[in-house]
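Fold and contact review
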Amino acid sequence: MDRARHCHRLLEKLATVLQENGYWEAKPPSAEALSSSQPFAIDTLRCEQWLQWIFIPKLSHLIAMNMPLPAAFEISPYVEEAMKEAKGQAAILAVTRELDQLFKSK
């Protein structure tokens, strides 16, 4: 399976895990909250909001437009800390670790 298709499946899995744990929101945060310039929009969004409204859509857009995917990233340390003791943290972290592994520098 190519990296883009694998990434797409992992993003779907992440969305499902967020939904199963009650984190999926029907209404997006304000435009101001979404336009944060801080890493992970840490000043305006909770971790699960950042995953739903910024991370998943951004990578999905890159895949849909057949654009280059990031060379490397690691989001699991942030997810682990930000969602410490949160419901479903282990399941969410399992998926983000798979994504990190997929994008690990070669």
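What this report covers is the structure whose coordinates are included nearby. (Residues numbered from 1 in each chain as written. Predicted model: local features only at pLDDT ≥ 70, side-chain atom pairs only at ≥ 80, totals over all residues. Heavy atoms only, no water.)

Per the secondary structure count, the chain includes 5 helices and 0 strands. In sequence order, the secondary structure elements of the chain are arranged as α-α-α-α-α. At 13 Å, the chain has a C-alpha radius of gyration in line with the 13 Å of a compact globule built from 106 residues. By its C-alpha atoms, the chain is 30 × 30 × 25 Å across when sized along the principal axes. Taking all 106 residues of the chain together, the buried fraction comes to 40%. Considering only contacts in the chain between residues 6 or more positions apart, those separated by 24 or more positions represent 67%. (Helix = DSSP H or I, 4+ residues; strand = E, 2+ residues; numbered from the N terminus. Rg over C-alpha atoms; globule rule 2.2 N^0.38 Å. Buried < 20%, exposed > 50% of the residue type's maximum accessible area, 1.4 Å probe, protein only. Contact = heavy atoms within 4.5 Å.)

Before going further, it helps to spend a moment on helix H1 (residues 3-20). Here H1 spans 25 Å end to end across 18 residues, near enough to the 26 Å set by a 1.5 Å rise per residue. Looking at H1, one finds that the buried residues are Cys7, Leu10, Leu11, Leu14, Ala15, Val17 and Leu18. The arc enclosing the buried residues of H1, seen along the axis, measures out at 160°, which places them on a common side. Lining the buried residues of H1 we find helix H3 (47-64) and helix H5 (89-102). With a side-chain oxygen lying 3.3 Å from the backbone nitrogen of Ala4, the N-terminal cap of H1 falls on Asp2. Of the residues trailing H1, Gly22 is marked for its positive phi of about 80°. (Expected span 1.5 Å × (residues − 1). Arc of directions from axis to C-beta. Polar contact = N/O pair within 3.5 Å; in protein donor to acceptor, adjacent residues only side chain to side chain.)

Take the layout of surface pockets next. Considered as a void within the structure, the largest pocket measures approximately 180 Å³ in volume. Taken together, Phe40, Trp50, Ile54, Phe55, Lys58, Leu59, Leu62, Pro70, Phe73 and Ile75 form the lining of the largest pocket. Its residues placed into classes, the lining of the largest pocket shows 9 nonpolar, no polar and 1 charged. (1 Å grid on protein atoms, 1.4 Å probe; cavity = no way out; pocket = protein on both sides within 12 Å on 5 of 7 lines; lining within 4 Å. Points joined across faces, edges and corners; volume = space filled by probe spheres on them. Nonpolar A, V, L, I, M, F, W, Y, C, P; charged D, E, K, R; others polar.)

Just distances and angles here, no functional claims.
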